[in-house]
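# Descriptive structure summary
Residue-level listing of the chains:
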Amino acid sequence: MAYRITTECNGCTACVRLCPTGAIAGERKALHAVNPSLCIECGACGRVCPQDAVQDAFGIACRRIPKLSLWPKPVVDAKICVSCRICIEGCPASCLAGRMDGGEKHEIAFLAEPKACISCGFCEADCPVEAIRLVVPEQPAVEVKQS
């Protein structure tokens with residue numbers, strides 16, 4: 001079942017710009033709508049919505065994560081990855097790729113385009129050997145100036 005946009009939508013278009021399938025339509029400053037036949041239930045629209053105007057298929061409001069840098073990203077355990085490529089082929093944002101890592105005899109999946117990742121978690125859910133987990137990237141320490 002598709003996500004739904006409520007009347008709290010202010011038409012900012014953030015969800016339109018982020019949706020990997022083009023499932024969201026609407027004019028600027030007007031209520032947007034999700035095309036259920038295109039929605040893949042990735043939840044990116046809910047994570048980016050400043051109005052908390054997106055609900056999942058169960059009517060639960062999606063939790064906004066204000067900074068893209070705080071969205072969880074996939075981390076692949078190279079010792080477990082079996083090079084099946086299911087994560088790479090299933091990624092709706094095409095942010096994963098495979099590469100030969102030092103000493104490995106097979107290709108290992110990795111996050112090739114971190115800024116393109118929408119934190120959908122499909123890679124983690126689809127991995128048959130649980131080699132992928134989503135982790136919030138470490139943030140750089142903020143230097144506090146003393147007065």
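Above: the structure in question.
Residues numbered from 1 in each chain as written. Predicted model: local features only at pLDDT ≥ 70, side-chain atom pairs only at ≥ 80, totals over all residues. Heavy atoms only, no water.

### Brief notes about the pattern of salt bridges
On inspection of all chains with the given rule, the structure shows 2 salt bridges. Between Arg85 and Glu89 there is a salt bridge, with the nearest N and O atoms lying 3.9 Å from each other. Residue Arg85 is classed as partly exposed on the basis of its relative accessible area, which comes to 31%. Under the relative-accessibility criterion, Glu89 is labelled exposed at 62%. When the shortest N-O distance is used, the salt bridge between Arg85 and Glu107 registers 2.5 Å. Taken together, the residues span a long stretch of sequence, with Arg85 in the loop between β5 (73-76) and α3 (86-90) and Glu107 in strand β7 (residues 107-111) at a distance of 22 residues. Salt bridges sharing partners connect three or more residues here, namely Arg85, Glu89 and Glu107. (Salt bridge = Lys/Arg side-chain N within 4 Å of Asp/Glu carboxyl O. Buried < 20%, exposed > 50% of the residue type's maximum accessible area, 1.4 Å probe, protein only. Helix = DSSP H or I, 4+ residues; strand = E, 2+ residues; numbered from the N terminus.)

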